[in-house]
Amino acid sequence: MISLIKKIGRTALGIKIRSLSGFKPILFNLNFINKSLSVSDAFCWRTDNNFKTFFKFTDLLKFFYNTQDTAVDLIFYNYKNIKIKEYRISNLKLSNEIIIDKEFLGGIEDYGTFYIYHNKIEEIKKKIIISNRCYVGFSKNDQLPSFLHGNTLVSYVKNNENNVVKDKMIINTSIFMNQIYRIQNYFHKLDKVELFFCNPSSSKIKFKINNIFQSLNTGHSIIINATNFDHINIRSNCHFLRPLIFSYKKNFIDVYHG
Amino acid sequence: MNFFFGIKTNDLNCDITIPRFQNHGKVDLENIVFQAKINLNKWIIQKAQYKENKNFFFINNNYIDNEIIFFLAKEKEILKYKKTDYQNILDLNKFTDTQPAFRANLKIFNKFGGFSSYQSEYPYSMIEKQGNILSPLSSLGNSTASENKLFIRNIYVKPIKKKFDIYFLDIKKKKILFKKEILTNTTNEIKIEKKYIKPDIFLYTNDYIGIPLFVSLKDHHISFEHTHPPHEYIISEDKFKTVAQLKREIHDIINKKNW
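Residues numbered from 1 in each chain as written. Chains lettered and ligands numbered in written order. Predicted model: local features only at pLDDT ≥ 70, side-chain atom pairs only at ≥ 80, totals over all residues.

Visitor: Quick question: what am I supposed to make of the overall build of chain B here?
Guide: Of the regular secondary structure elements, chain B holds four helices and 18 strands. Scaling as 2.2 N^0.38, a compact globule of 259 residues should have a C-alpha radius of gyration of about 18 Å, and chain B matches this with 19 Å. Structurally, chain B occupies a C-alpha span of about 55 × 45 × 40 Å along its principal axes. A separation of at least 24 residues holds for 73% of the contacts in chain B among residues at least 6 apart in sequence. (Helix = DSSP H or I, 4+ residues; strand = E, 2+ residues; numbered from the N terminus. Rg over C-alpha atoms; globule rule 2.2 N^0.38 Å. Contact = placed C-beta atoms within 7 Å.)

Here it is as structure tokens:
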């Protein structure tokens, strides 16, 4: 009986029911991908409050598949999911770095998300799916940036008459706010704590942080002050909702994913 | 089952905060923190030294070194070690087998107030394996920092402290630039000179795997993060074949002793 239920749970209908109900959902749904793709995390950027964001990435196609003349497209959105910049980097080295500051973003002092997609993936003669987890560093007041790796698989690119468009289908939501994520750290003796959330799904998400209600439309992001909490419990309808954590003490900061 | 470890250096201290709860909220109050350390070719298992509250265990710098590993278990589960004559690290329970991964906070800090941390774990599946680490140095090495350190943490199932080699390689020129012997079951510290923080330079280990941890220091500020293994960048079915081919090519550089 149990094996029959497990078999049903693995069918397309079963996966849909698990997703909608939030009962043992698949965190990253990649089953629908049937061609070569470059999958991106939703990376966070900040230029508010004297922040600069450093972004480091490897040319995966050159590194793994020896593809030449590669390029990546970076697409930047503000916290309301409005596209503010597209940026192509060609002549890639194996390891690459850019600095995202207010000058790079045309004077914008704000925060939001960005995505990286590798070009030329279609030239490889077999189906490959790559995900560049990359490293993002946050520097405040021009001090040493605090680096962390990518947080979660979010979107893949599809070509649309040579325009790069963002598509989001990897992380799903359930009908109920029954997904619990409790951050496994104790927040004490800190001057300030901020949680940086972005909505990684294609639906509006609702969530509670220690019973404080929030909602985010798709692609939107928000920075929430959590200084008064010593523990952080997130209840949501999103199958994978994990914030970046900015901890402050005196003039030092520590940034990591929760 | 996940394990936790620390870092001990002259200029950095370290704290580990281990939650009593899974990230979906489930708690098991019977679990406590044990530690394992090698002595005379056996694993010595004992209750760790820690403070606690209802949600966390706190292990401070005084009880951390570069050899001890920590894990959550029940008193009665530890008895299983006797049956193996303390010759293997054991996969005692499933409490830390969660998705997303069960993690502890590993924080390093200096006497000036600088601090940096990440949510850390060393899964049992890695403990049983031998292999290689391959990781770019410039992803987390910072050429504008005053100092860059690399820590390679290996945990191996057997109670052995065996030497193995770490290399810095220019994979474009296919040249070895740096070589050092490090130890299994140890957090190994390696200073990264700035001349090695370049796009084509990668670290590579022979024989044993582990977690590469990068620390950058400047004006008392600290950045601390780990890199991922290469197969995590490929989602398609070719991932292990593609990474194995790449590692074979890199292993050729080592075999040819091409300095």
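Visitor: Help me out: how do you make sense of the overall build of chain A in this one?
Guide: Each helix and strand in chain A was counted, giving three helices and 20 strands. Here the C-alpha radius of gyration of chain A, 19 Å, is about what a compact globule of 258 residues would show, namely 18 Å. Across its three principal directions, the C-alpha atoms of chain A cover 60 × 50 × 30 Å. Put simply, of all contacts in chain A between residues at least 6 apart along the chain, 73% involve residues at least 24 apart.

Visitor: I keep staring at the domain arrangement of chain B and nothing clicks. Help me out?
Guide: A common way to report how large an interface is uses the accessible area buried once the components associate. Residues and elements named next belong to chain B. Along its sequence, chain B is carved into domain 1 (2–125) and domain 2 (130–255). Computed over C-alpha atoms only, the centres of domain 1 and domain 2 are separated by 23 Å. Contact residues are listed per partner, giving 24 residues for domain 1 and 20 residues for domain 2. Elements that contribute at least two residues to the side of domain 1 that touches domain 2 include exactly strand 1 (2–5), strand 4 (42–47) and strand 9 (115–120). Take the side of domain 1 that touches domain 2: its biggest share by element is four residues, from strand 9. The class makeup of the residues in the side of domain 1 that touches domain 2 is twelve nonpolar, ten polar and two charged. (Domains from an automatic or database assignment. Nonpolar A, V, L, I, M, F, W, Y, C, P; charged D, E, K, R; others polar.)

Visitor: Any chance you could explain the pairing of strand 14 (residues 192–198) of chain A here in plain terms?
Guide: Side chains on a regular strand alternate between the two faces of the sheet. Residue and element names in this part refer to chain A. The element strand 14 is largely enclosed, with a buried count of five among its seven residues. Pairing geometry for strand 14 and strand 19 (residues 244–249), over five bridges, is antiparallel. Directly across from phenylalanine 196, in strand 19, lies its bridge partner leucine 244. Pairing analysis gives five bridges linking strand 14 to strand 17 (residues 221–225), with the strands arranged antiparallel. Looking across to strand 17, one finds that phenylalanine 197 is bridged to isoleucine 222. (Buried ≥ 20, exposed ≤ 12 C-beta atoms within 10 Å, placed from the backbone. Pairing = 2+ DSSP bridges.)

Visitor: How should helix 4 (residues 239–255) of chain B be read in this particular structure?
Guide: A turn of α-helix holds 3.6 residues, and therefore any two residues three or four places apart point the same way. Spanning 17 residues, helix 4 of chain B covers 24 Å between terminal C-alpha atoms, matching the ideal 24 Å at 1.5 Å per step. Just downstream of helix 4 of chain B, Lys257(B) is the residue with a positive phi angle, here 50°. (Expected span 1.5 Å × (residues − 1).)

Visitor: Hey, could you run me through unusual backbone geometry in this one?
Guide: Negative phi characterises most residues that are not glycine, and trans characterises most peptide bonds. Residues and elements named next belong to chain B. Residue glutamine 99 is joined to proline 100 through a cis peptide bond whose omega torsion reads 0°. Relative to the elements of secondary structure, proline 100 occurs in the loop between helix 2 (80–83) and strand 8 (104–109). The backbone of lysine 174 shows a phi angle near 55°, a positive value even though the residue is not glycine. Considering the arrangement of structural elements, one finds lysine 174 in the loop between strand 13 (163–170) and strand 14 (175–183).

Visitor: It is not clear to me how the domain arrangement of chain A should be interpreted in this structure. Could you clarify?
Guide: Residues and elements named next belong to chain A. Taken domain by domain, chain A holds domain 1 (37–168) and domain 2 (179–257). A separation of 22 Å is found between the C-alpha centroids of domain 1 and domain 2. In this assembly, 17 residues from domain 1 lie in contact with 20 residues from domain 2. For the side of domain 1 that touches domain 2, the secondary-structure elements that each account for two or more residues are strand 7 (111–118), strand 9 (135–140) and strand 10 (146–149). Among the elements that take part in the side of domain 1 that touches domain 2, strand 7 stands out by supplying three residues, more than any other. Across the side of domain 1 that touches domain 2, the residue classes tally to eight nonpolar, six polar and three charged.

Visitor: Explain the sheet that holds strand 9 of chain A to me, please; I cannot follow it from the model alone.
Guide: Residue and element names in this part refer to chain A. Reading across from one edge, 6-3-9-10 is the order of the four strands in this open sheet, with antiparallel pairing throughout. The open sheet terminates on both sides in strands that have one partner only, identified here as strand 6 (95–100) and strand 10. For this sheet, the mean inter-axis angle between neighbouring strands, taken without regard to orientation, is 20°. (Axes fitted to C-alpha atoms, helices over the stretch in contact; angles between N-to-C directions.)

Visitor: Help me out: how do you make sense of the interface of chain B and chain A in this one?
Guide: Counting residues at the interface gives 42 residues for chain B, matched by 42 residues for chain A. The greatest single-element share of the side of chain B that touches chain A, amounting to five residues, is contributed by strand 9 of chain B. Partitioning the side of chain B that touches chain A into residue classes produces 15 nonpolar, 20 polar and seven charged.

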